[in-house]
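Okay, here's what each chain looks like letter by letter:
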Amino acid sequence: MKKIAVMTSGGDAPGLNACIRAVVRAGHYYSLEVVGVKRGFKGLIEKEFYPLSPRDVSLIINRGGTVLLSAREKRFHQYEFRKKAAENIREERIDCLFVIGGNGSFQGAYLLQKEFGIPVIGIPKTIDNDTYGTEYTIGFDTAVNNAVDAIDKIRDTSMSHERVFVVEVMGRDSGFIALSAGIASGADITLIPEYPFPMHVIVDTILQAQKRGKKFSIIVVAEGVASAKEIAEILTEKLKPYDFGGVRYSVLGYIQRGGSPTAYDRIVASRFGVFAVEQFVNGQTGIMVAMENGKVVSKPLGISFGKVKKPDLSDFELNNILTL
Ligand code: F6P
């Protein structure tokens, strides 16, 4: 009987549990033995493997976080620790390691295969949706919905007090969350690292809105651009001469990353997980699962790093058109 291992690595994302469940159940469906690795690459180094039956993954499809736990393991940058991990994987007689992770985790998995011949399959997750090679990563939809939910609430105060609100969302160096949350919440301005927006245009947009009789504004800023605090301080100065209820800011932070996954994330996670196992059953490893034109496909794992995935310029323009 062949044996597979599944782990989650890097920042948690809603939908990880749905994906773990899919890998475990598909594994058993195809008569594979399945083990879980606790705490991602840390667990590989410290040999934290444990068996997973289909029943062990009951009642987790709706839960955020990861039942396998996760970590950002810096030791994996060092050859000696990767070697240790590879030895542990061999001792456990693992035929393929399924890494549910983002860019950094895929690089770690790639090195395990390249340096030690450990068969691996990557399944993309990150709320940031910034993994190159796939249109979608597990967790993004939930994070955007969490952000939109929060912005909708902030808008109540923004409108009632005629204030300018700067709302900071996550995304590391990318603007996918900001752009989608900006469109979905009807933000007046969305600032993302990929398409810079000069400060004078921001001020002008707010003043133009005021001239049209709208005295409150919501600005969504991706953390990769600047902090909401910095932008709010600059705007406070620039808007001083004008009649506004003030500028406030809010950092949404980790509420974006937690909570029950949306139906979309559960469905994608389930599809990705089953597809990944089927690839292994068909003899494919060294690949990542990806979404392309809405379909689940496989690609060589190596293509996912060293390249930057950018949001569509048309979405950015759409946002600007809709703020009129
Ligand atoms: O990659 C997901 C993410 O939440 C980013 O949006 C954010 O910049 C980063 O992780 C924060 O990482 P950590 O929780 O390790 O500080």
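Everything numeric in this text was worked out from a predicted model, so none of it was measured.

Thresholds, definitions, all that
Residues numbered from 1 in each chain as written. Predicted model: local features only at pLDDT ≥ 70, side-chain atom pairs only at ≥ 80, totals over all residues. Heavy atoms only, no water. Phe/Tyr/Trp six-rings, centres within 6.5 Å; stacked < 30°, edge-to-face > 60°. Helix = DSSP H or I, 4+ residues; strand = E, 2+ residues; numbered from the N terminus. Buried < 20%, exposed > 50% of the residue type's maximum accessible area, 1.4 Å probe, protein only. Pairing = 2+ DSSP bridges. Axes fitted to C-alpha atoms, helices over the stretch in contact; angles between N-to-C directions. Arc of directions from axis to C-beta. Core = buried A, V, L, I, M, F, W, Y, C linked by side-chain atoms within 4.5 Å. Domains from an automatic or database assignment. Contact = heavy atoms within 4.5 Å. Salt bridge = Lys/Arg side-chain N within 4 Å of Asp/Glu carboxyl O. Near = heavy atom within 4 Å. Polar contact = N/O pair within 3.5 Å; in protein donor to acceptor, adjacent residues only side chain to side chain. Areas by Shrake-Rupley, 256 points an atom, 1.4 Å probe, with all protein chains shown as cover. 1 Å grid on protein atoms, 1.4 Å probe; cavity = no way out; pocket = protein on both sides within 12 Å on 5 of 7 lines; lining within 4 Å. Sits in = over half its atoms within 2 Å of the grid points. Nonpolar A, V, L, I, M, F, W, Y, C, P; charged D, E, K, R; others polar. Buried area = accessible area lost by both parts, 1.4 Å probe.

## So, the packing of aromatic side chains
- Summed over all chains, the structure comprises nine aromatic pairs.
- Between the aromatic rings of phenylalanine 41 and phenylalanine 76, the centroid separation amounts to 4.1 Å while the plane-to-plane angle is 35°, which identifies the pairing as tilted. Of the two residues, phenylalanine 41 sits in helix H2 (residues 40-45) while phenylalanine 76 sits in the loop between strand S3 (49-51) and helix H3 (79-91), which places them 35 residues apart along the sequence. The same class applies to phenylalanine 41 as to phenylalanine 76, namely buried.
- Note on tyrosine 136 and tyrosine 264: the rings are 5.1 Å apart at their centroids and 85° apart in plane angle, and the pair reads as edge-to-face. Pair noted here: tyrosine 136 is in the loop between strand S5 (120-124) and helix H5 (140-160) and tyrosine 264 is in helix H9 (residues 263-281), with a separation of 128 residues, a long-range link.
- The class for tyrosine 264 is partly exposed, based on a relative accessible area of 38%.

## A look at the sheet that holds strand S7 (residues 189-191)
- The strand order across the open sheet formed by four strands is S7-S8-S6-S9, and the pairing between neighbours is parallel. Of all the strands in the sheet, the pair left with one neighbour each is S7 and strand S9 (247-251). In this sheet, adjacent strand axes meet at a mean angle of 20° when their direction is disregarded.
- Of the strand pairs in this sheet, S7 and strand S8 (residues 217-222) are connected by three bridges, and their pairing is parallel.

## A few points about helix H8 (residues 228-238)
- Burial in H8 covers these residues: Ala228, Ile231, Ala232 and Leu235. Down the axis, H8 shows its buried residues gathered within 100° of arc, on one side only.

## Topic: the nonpolar core
- Counting 59 residues, the largest nonpolar core has Ile4, Val6, Phe98, Ile121, Ile123, Ile218 and Leu252 as the members making the most contacts within it.
- Counting residues per element, this core draws most heavily on H5, which supplies eight residues.
- Domain assignment of the residues forming this core places at least three in each of domain 1 (3-139 + 261-304) and domain 2 (143-257).
- In contact with isoleucine 218, not counting residues within four places along its chain, are Ile151, Ile154, Arg155, Ser158, Phe165, Val167, Ala187, Asp188 and Ile189.
- Formed by 25 residues, the second largest nonpolar core is a distinct cluster that contains Phe41, Ile45, Ile89 and Ala290.

## Focus: the sheet that holds S5
- Read from one edge of the open sheet, seven strands run S3-S2-S1-S4-S5-S10-S11, paired in mixed fashion. With partners counted over all chains shown, the strands left at the sheet margins are S3 and strand S11 (295-300), one partner each. Taking the axes of each pair of neighbouring strands and ignoring which way they run, one obtains an average angle of 30° across the sheet.
- By the bridge criterion, three bridges tie strand S2 (residues 33-37) to S3 in an arrangement that is antiparallel. Across the sheet, the residue bridging to valine 35 is proline 51, located in S3.

## Some remarks on the pattern of salt bridges
- Applying the stated criterion across every chain, the model contains 16 salt bridges.
- Glutamate 73 is the partner of arginine 75 in a salt bridge, and the nearest nitrogen-oxygen pair spans 3.1 Å.
- Aspartate 188 serves as the salt-bridge partner of lysine 214, at 2.3 Å between the closest nitrogen and oxygen. You can see lysine 214 sitting in the loop between helix H7 (199-211) and S8 and its partner aspartate 188 sitting in the loop between helix H6 (176-185) and S7, a full 26 residues away along the chain.
- A relative accessible area of 25% means that lysine 214 is categorised as partly exposed.
- It is possible to trace a salt-bridge network through shared partners that takes in Lys42, Glu46, Glu73 and Arg75.

## What about the site of the ligand?
- All residues in the neighbourhood of the ligand are listed as Arg72, Thr126, Ile127, Asp128, Met170, Gly171, Arg172, Glu223, Tyr254 and Arg257.
- Aspartate 128 has a polar side-chain atom sitting 2.7 Å from an oxygen atom of the ligand.
- Note that an oxygen atom of the ligand is positioned 2.5 Å from one of the side-chain N or O atoms of glutamate 223.
- Within the complex, the protein chains bury 75% of what would otherwise be the 400 Å² of accessible surface of the ligand.
- According to the grid-proximity analysis, the pocket containing the ligand is the largest pocket.
- When its residues are assigned to classes, the shell around the ligand shows three nonpolar, two polar and five charged.

## Some details on the pairing of S11
- Across six bridges, strand S10 (residues 287-292) lies against S11 in antiparallel orientation. Bridge pairing links glutamate 292 to lysine 295 in S11.
- Linking two consecutive strands that pair antiparallel, namely S10 and S11, is a turn of two residues; a positive phi of about 50° is found at asparagine 293 within it.

## Side note on the domain arrangement of the protein chain
- By the assigned domains, the protein chain splits into domain 1 (3-139 + 261-304) and domain 2 (143-257).
- Taking only C-alpha atoms, the centre of domain 1 and the centre of domain 2 are 35 Å apart.
- Taken together, the contact pairs 11 residues of domain 1 with nine residues of domain 2.
- When the area that domain 1 buries against domain 2 is broken down by residue, the three leading residues are Asp12, Ile127 and Asp128, summing to 51%.
- Joining domain 1 to domain 2, the criterion identifies one salt bridge.
- The shortest N-O distance in the salt bridge between arginine 257 and aspartate 12 comes to 2.9 Å.
- Put simply, domain 1 and domain 2 have two residue pairs in polar contact (both at pLDDT 80 or more) between them.
- A class-by-class count of the residues in the side of domain 1 that touches domain 2 yields three nonpolar, four polar and four charged.

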